[in-house]
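Next come the chains, spelled out residue by residue.
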Amino acid sequence: MNLSLQTPPHIRSKDSNFSMMLDVFIALIPVYCMSYYFYGKRSLYLLFLSVGISIITDFICVLMTRKIPNIKDLSMVITGMLIPLLMPVTADWYMVALAVIFAIVVAKHPFGGIGQNVFNPAVAGVAFVTICFPNEMFAYVKPFTYLPVNIVQSISSVASPAKALSLGGVPSFDLTDMFLGNVPGPMGATNILVLFSCLLYLVVRKTITFSMSGCFLLGASLSALIFPRADMTGIQSVFYEMMSGYMVITAVFLINDPVTSPKRAFPRCLYGFIAGIVAMLFRHLGRYEESILFAILVMNASVWILDLLGEYVAHYYRRKDSENRESEKAHSMAGKDRSDI
């Protein structure tokens with residue numbers, strides 16, 4: 001038997017790492033277009049700042065580990081693009097820089113770099129900044145508030161739908177506005193229509209499968225239906241929970257990271273479903289208005305358990321299939337012997 005040594009992530013398809021990351025890059029462009037539409041040029045400033053720092057930091061880390069930089073590695077670009085989308089447009093440059101540096105230096109390269117990190121770097125970076133600057137991380141402005149690149153005066157913030165839910169209230173926003181992104185919130189997480197369009201593109205391109213995203217939303221929806229956080233019906237709870245905060249952007253871009261998710265189909269569905277329930281649990285018990293990112297980190301750390309379960313199930317069915325073939329072969333031989341007699 002000939003074995004070939006390959007570097008992770010191990011992708012079981014005809015697509016290369018580069019093509020898959022390129023698809024994610026393309027899918028993120030419409031999200032930034034909507035961010036620019038709602039908030040103006042400051043959203044692009046945060047994009048270029050984040051991606052630039054991410055590339056430089058990753059390049060330095062690669063050189064420090066005495067490796068050869070891979071020009072086809074877009075992982076640091078994807079990380080740099082995701083981080084601002086999970087933050088308010090009012091975020092200061094040092095918050096973005098700190099999130100990116102933490103993502104690359106702490107969450108990615110100490111584990112071996114691309115394909116070997118235990119935690120999603122973008123999620124880890126934004127979660128770290130959330131702990132450091134909780135007030136600034138949830139200081140949102142109304143859509144169509146066009147801020148200058150350099151904010152020199154205090155900005156009055158408004159409450160987001162996630163904030164109303166965290167306080168036990170019912171959001172005063174129209175569901176149609178929430179679906180179209182016309183509500184305060186993270187820079188790239190409010191427009192549900194665009195995010196679902198990105199999900200459709202990635203599924204059609206076979207960059208991701210719908211199973212994990214669907215199971216994540218299913219788990220979260222069932223939790224919202226059974227345990228609503230505010231004085232509203234279960235159906236209302238599902239709609240408001242699904243269209244507020246990080247829920248949909250997590251289902252599209254964060255939960256489907258091939259490095260920090262299980263490798264087999266059954267564990268991936270189970271991972272998504274449990275992640276949805278854990279996300280809602282963190283929403284109920286977390287100290288912040290939005291705690292889904294911490295739920296994702298917990299699930300990242302639990303992937304190895306689901307991978308072991310997946311291997312056990314796969315081994316069980318392979319053994320049963322082998323036993324069935326041996327049984328059929330034995331019956332066939334017995335029938336042949338009787339015919340000879």
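Every value quoted in this text rests on a predicted model; they were computed, and no experiment measured them.

(A) Spatial organisation of the environment of Y94. Position of Y94 relative to the elements: it lies in helix α4 (residues 93-106). Between the C-alpha atoms of Y94 and V129, which are 35 residues apart in sequence, the distance is 10.0 Å. Of note is the side chain of Y94, whose polar atom sits 3.2 Å from the side chain of D92.

(B) Region of the structure containing the side chain of E290. With respect to the element layout, E290 can be found in the loop between α13 (265-285) and α14 (292-301). Engagement of the side chain of E290 in a polar contact is seen with the backbone nitrogen of Y246, the distance being 3.0 Å.

(C) Representation of helix α10 (residues 210-226). Look at α10: 24 Å from first C-alpha to last across 17 residues, which is about the 24 Å you get at 1.5 Å a residue. Of the positions making up α10, those classed as buried are M212, S213, G214, C215, F216, L217, G219, A220, S221, S223 and A224. Tucked into the core, α10 has its buried residues touching α9 (192-204), α11 (234-242), α12 (247-254), α13 and α14.

(D) View of empty space enclosed by the protein. Applying the stated rule across the entire model yields three cavities of 30 Å³ or more. The volume enclosed by the largest cavity comes to roughly 490 Å³. Lining of the largest cavity is provided by 26 residues; of these, M21, S75, I78, D257 and P258 occupy positions nearest its centre. Of all the secondary-structure elements, those providing two or more residues to the lining of the largest cavity are α1 (17-39), α3 (75-85), α5 (121-132) and α12. Residues of the lining of the largest cavity, tallied by class, amount to 16 nonpolar, eight polar and two charged.

Scoring rules and cut-offs
- Each chain has its residues counted from 1, running along the sequence as written.
- Thresholds applied to this predicted model are a pLDDT of at least 70 for local features of residues and 80 or more for the giving and counting of side-chain atom pairs; totals over whole chains, interfaces and linings are not thresholded and use all residues.
- Side-chain measures here rest on the full set of heavy atoms in the structure, leaving out hydrogens and waters.
- Runs of E in the DSSP output that reach at least two residues are strands. Runs of H or I that reach at least four are helices, and both are numbered from the N terminus.
- Definition of a polar contact: a pair of N or O atoms within 3.5 Å, with one able to donate and the other able to accept a hydrogen when the atoms are protein atoms, and with sequence-neighbouring residues admitted only if both atoms are side-chain atoms.
- Multiplying 1.5 Å by the helix residue count minus one yields the expected span of that helix.
- Here the term buried applies to any residue with accessible area under 20% of the maximum for its type, exposed to any over 50%, and partly exposed to those in between, with areas from a 1.4 Å probe on protein chains only.
- Working rule for contacts: check all heavy atoms of both residues, and any pair within 4.5 Å makes them a contact.
- Buriedness of a pocket was judged along seven lines, with at least five required to meet protein on both sides within 12 Å; pockets are open sets of points on a 1 Å grid over the protein atoms alone, cavities are sets where a 1.4 Å probe fits but cannot get out, and lining residues have an atom within 4 Å of a point.
- Grid points are joined across faces, edges and corners, and a volume is the space filled by probe spheres set on the points.
- Nonpolar residues are Ala, Val, Leu, Ile, Met, Phe, Trp, Tyr, Cys and Pro. Charged residues are Asp, Glu, Lys and Arg, and all others, Gly as well, are polar.

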